[in-house]
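Topology and contacts: notes
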Amino acid sequence: MKVFKEGLILTFAIFIVAISVYFFLIPSQTSISSIAGLSIVLSKFIPFKVSEITFTINVFLLAIGVKICGKEFGLKTCYTALIMPVFLWIFEIVFPNFQSFTNDQFLDVVCYVFVVSIGLTILFNRNASSGGLDIIAKIINKYFNIDIGKALTVSGLCVAFTSIFAFNSKSLILSILGTYLNGLILDQFIFERTLKRRVCIMSKKEDEIRKFIVNDLKSGATIYKVVGAYTLEEHNEIITIVDRSEYQRLMNYIKMVDPQAFIAVYKVTNMQYKPKNIM
């Protein structure tokens, strides 16, 4: 049941990606941050459809992805990368010679960026990808600790520049801008989902807040001795790192027990630690 549910989610995500490619990217005549974009350019020079070129390139990159990114990522990406051309092939049959929903190149690019970001976010958060440049971005992320969105931007820019060989200078500029925007939006979607917060608290209700963090949130905390520069009084500062839902619960609790508490909050993008074994 779990495998079926996972497969259903991945299929839905890649269906969204395929929609964005066929109904927005191809009509825009741009090459934005994807193997599908590169396939659009190549289809102008070789007698193959976008779905066929995408399939061929994905198979090659999958071999690399399985080797470097691990079995789970490889199996999921194998599935998504292989059904992506299938969806494109179905669209080519059902909607032959499709032109554009918007009849505007710029709007097509904007629609593509927003729609594809939804599908890619679902895939990345489930340790998968749509194949192609996503595999390259995942490899860059793994070995260079570069955010997925930024890694996609770097690899995508290389693809974007190929648009000049098949289209005009306007398409080139839109490809570059679309690639950059796609990286920003994708990073934002993933970053906001995984973002943690470092919360520093000084309160007269220190003991109650500490117990709430440890017992109710099941989170860790550290207590530091601090001295106020104005009064030179000594205080205890509680520092804890929580996710988005825990942060909301913590802030609501502090407002209830001590509305006068001093709180400082910092964004945490990455953590590395060894979890404790709790019996």
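Residues numbered from 1 in each chain as written. Predicted model: local features only at pLDDT ≥ 70, side-chain atom pairs only at ≥ 80, totals over all residues. Heavy atoms only, no water.

1. Things to note about the packing of helix α1 (residues 2-28) against helix α2 (residues 35-42)
- Axis separation between α1 and α2 bottoms out at 11 Å; the angle between their running directions is 50 degrees. When the interaxial angle is binned, α1 and α2 end up oblique. For the element pair α1 and α2, the recorded crossing hand is right-handed. Packed against α1, whose contacting residues are V21, L25 and I26, the element α2 presents A36, G37 and I40 at the interface.
- Residue composition of the contact of α1 with α2, grouped by class: five nonpolar, one polar and no charged. (Axes fitted to C-alpha atoms, helices over the stretch in contact; angles between N-to-C directions. Helix = DSSP H or I, 4+ residues; strand = E, 2+ residues; numbered from the N terminus. Parallel < 35°, antiparallel > 145°, perpendicular 65-115°, else oblique. Left-handed = near helix turned anticlockwise from the far one by under 90°. Contact = heavy atoms within 4.5 Å. Nonpolar A, V, L, I, M, F, W, Y, C, P; charged D, E, K, R; others polar.)

2. A few points about the packing of aromatic side chains
- Taken as a whole and judged by the stated rule, the model has 13 aromatic pairs.
- Here the aromatic rings of F15 and F87 are separated by 5.2 Å at their centres, their planes lie at 65 degrees, and the arrangement is edge-to-face. Here F15 is found in helix α1, whereas its partner F87 is found in helix α4 (residues 71-94), with 72 residues between them in sequence.
- For F87, a relative accessible area of 16% corresponds to the buried category. (Phe/Tyr/Trp six-rings, centres within 6.5 Å; stacked < 30°, edge-to-face > 60°. Buried < 20%, exposed > 50% of the residue type's maximum accessible area, 1.4 Å probe, protein only.)

3. A look at the pairing of strand β1 (residues 196-202)
- Both β1 and strand β4 (residues 262-268) contribute to a ladder of seven bridges, which runs antiparallel. Across the sheet, I201 pairs through a bridge with I263, a residue of β4.
- Taken together, the five bridges between β1 and strand β3 (residues 234-242) define a ladder with antiparallel strand orientation. Counted as the bridge partner of C200 is I239 from β3. (Pairing = 2+ DSSP bridges.)

4. Remarks on the environment of I254
- When you line up the elements, I254 lands in helix α10 (residues 244-257).
- The class for I254 is buried, based on a relative accessible area of 1%.
- For I254 and S203, which are 51 residues apart along the polypeptide, the C-alpha to C-alpha distance reads 8.9 Å.
- Residues contacting I254, with those up to four places away along its chain left out, are I201, I209, P259, A261 and I263.

5. Things to note about the packing of α1 against helix α5 (residues 105-124)
- With their axes 8 Å apart at the nearest point, α1 and α5 run at an angle of 165 degrees to one another. Taken together, the axes of α1 and α5 lie roughly antiparallel to each other. Of the two possible hands of crossing, α1 and α5 adopt the one that is left-handed.
- Class assignment of the residues belonging to the contact of α1 with α5 gives a composition of 21 nonpolar, four polar and one charged.

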